[in-house]
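So you can see what is in the structure, the chains are spelled out below.
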Amino acid sequence: MNEEHAPTPVMYPADATYDDASIRALRLALLAAGLAVPLALLARYSTPDPTGIPLISTDGRWFYLLALVATAGVGVAGHVTDFDAGYARASAVRLGYTWIADQGRLTSGFLPALTMAAAMLIVGTYHSWPMVVVTPLLAGSGVYAGALARHFAFAPDPPTRRSGRMAFAALTLVVGFVVLALVYHFRMRSIVSGPAVWVATGSLVMVATDGVDLRLRQRIAFAVVCGGILAEATWALNYWNLPGWYGGIMLAALAGAAAAAIVAHAEERLNRSAVLRYSALVSLITIVVAFVADQPG
């Protein structure tokens, strides 16, 4: 009698790697927080002028130069220590994705770097003692939450993946808002602020499309185009002369709507109704910002 055997379960490279992912995220968070402590103290000591242009004006140049190195270092560390590519590709196989080889590639260090950049821009602009204390906490917790959310955004289980992607998207939007608002806050000429916004927006779009069934070259093309659009929007906002955080709200709304449209296009959910919703949301934010910014005082 032929004994019927149960099929051998398919083993995926990272089916049970939450503990490993959590440890990696914690180490990366400690690195970010550890780097943020001396830099926050340096910002307090050097008190860079919040109206000066980072790296171009001499005021606070050493702080911004070291902050740039630290941001790049956290990004590289995030990329080198991330081992979710195999997990992401195995999950893509299970979910029937088309561009399996492009899952989990390239962008693992982008959100940690952007989070570190946001923390450095905050303490460089508002270098009071409370902010010096809070900055390492913001950098560490933001990096930790982003790394874990990215891991869950690649989960093979659709509900877990959906929750992970929502958390990851929310963190990306918050970090993007801070970075874009503070870049705009420096009131740089468009020839300087435009490329900065282009790079920041392109990085945000690359992060937002992590875990989406898109080819890597498509993601890069979308990032370049969206970055260019927001660089042009920055030029227009400079003529509007909005206060820094209001300009950041506008730029973040545009970036968020563009990223949402790209994801909807990839998941075949982009239709006239979705476009109208995104357009209405950006229009509403524009009206509110225009009204509030026009109030005296």
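Residues numbered from 1 in each chain as written. Predicted model: local features only at pLDDT ≥ 70, side-chain atom pairs only at ≥ 80, totals over all residues. Heavy atoms only, no water.

On to helix α3 (residues 85-95). If you check which residues of α3 are buried, you get Y87, A88, A90, S91 and A92. The secondary structure elements touched by the buried residues of α3 are α5 (129-153) and α6 (158-185). Directly after α3, the chain includes G96, whose backbone phi takes a positive value near 75°. (Buried < 20%, exposed > 50% of the residue type's maximum accessible area, 1.4 Å probe, protein only. Helix = DSSP H or I, 4+ residues; strand = E, 2+ residues; numbered from the N terminus. Contact = heavy atoms within 4.5 Å.)

So, about a nonpolar patch on the surface. A contiguous nonpolar surface patch, about 590 Å² in accessible area, is contributed by L55, I56, W62, L65, L66 and L68. Position of L65 relative to the elements: it lies in helix α2 (residues 61-80). Note on L65: relative accessible area 38%, which makes it partly exposed. (Patch = residues over 30% accessible without salt bridge, like charges linked within 9 Å, V, L, I, M, F, W, Y side chains within 5 Å. Areas by Shrake-Rupley, 256 points an atom, 1.4 Å probe, with all protein chains shown as cover. Salt bridge = Lys/Arg side-chain N within 4 Å of Asp/Glu carboxyl O.)

Turning next to unusual backbone geometry. Despite not being glycine, T47 has its phi angle at roughly 40°, a positive value. Within the element layout of this structure, T47 appears in the loop between α1 (18-46) and α2.

A separate point is helix α4 (residues 110-125). With 16 residues, α4 should reach 22 Å at 1.5 Å per residue; the first-to-last C-alpha distance of 22 Å fits that figure. Here α4 lies mainly inside the structure; 15 of its 16 residues are buried. (Expected span 1.5 Å × (residues − 1).)

All right, on to the pattern of salt bridges then. Evaluated as defined, the whole model comprises 4 salt bridges. Taking the shortest distance from any N to any O, the salt bridge between D84 and R24 comes out at 3.4 Å. Note that D84 is positioned in the loop between α2 and α3 and R24 in helix α1, a separation of 60 residues in sequence. Like R24, D84 is buried. One salt bridge connects D210 with R150, and the closest N-O pair in it is separated by 2.9 Å. Here the residue D210 occupies a position in the loop between α7 (190-208) and α8 (216-240), and R150 occupies one in helix α5, the gap between them amounting to 60 residues. On the basis of relative accessible area, R150 is assigned to the buried category, the value being 4%. One connected set of salt bridges, linked through shared partners, spans D82, R150, D210 and R219.

Moving on to the packing of α4 against α6. Angle between the axes and distance between the axes are the two parameters that describe a pair of packed helices. Contact geometry for α4 and α6: axes closest at 9 Å, N-to-C directions at 40°. One finds that α4 runs oblique with respect to α6. Relative to α6, α4 is oriented so that their crossing is left-handed. On α6, the residues that touch L111, L114, T115, A118, L121, I122 and T125 of α4 are F168, T172, V175, V178, V179, L182, V183 and H185. The residue inventory of the contact of α4 with α6, partitioned by class, reads 11 nonpolar, 4 polar and no charged. (Axes fitted to C-alpha atoms, helices over the stretch in contact; angles between N-to-C directions. Parallel < 35°, antiparallel > 145°, perpendicular 65-115°, else oblique. Left-handed = near helix turned anticlockwise from the far one by under 90°. Nonpolar A, V, L, I, M, F, W, Y, C, P; charged D, E, K, R; others polar.)

One finds F63, M116, M120, V123, V179, L180 and L251 to be the most contacted residues of the largest nonpolar core, which totals 47 residues. Elements supplying a minimum of two residues to this core: α1, α2, α4, α5, α6, α7, α8 and α9 (244-266). The element contributing the most residues to this core is α4, with 9 residues. Setting aside residues up to four positions removed in sequence, V123 forms contacts with A40, A43, F63, M131, V132 and T135. Core analysis: the second largest hydrophobic core is formed by 11 residues, M206, V212, L216 and C226 among them. (Core = buried A, V, L, I, M, F, W, Y, C linked by side-chain atoms within 4.5 Å.)

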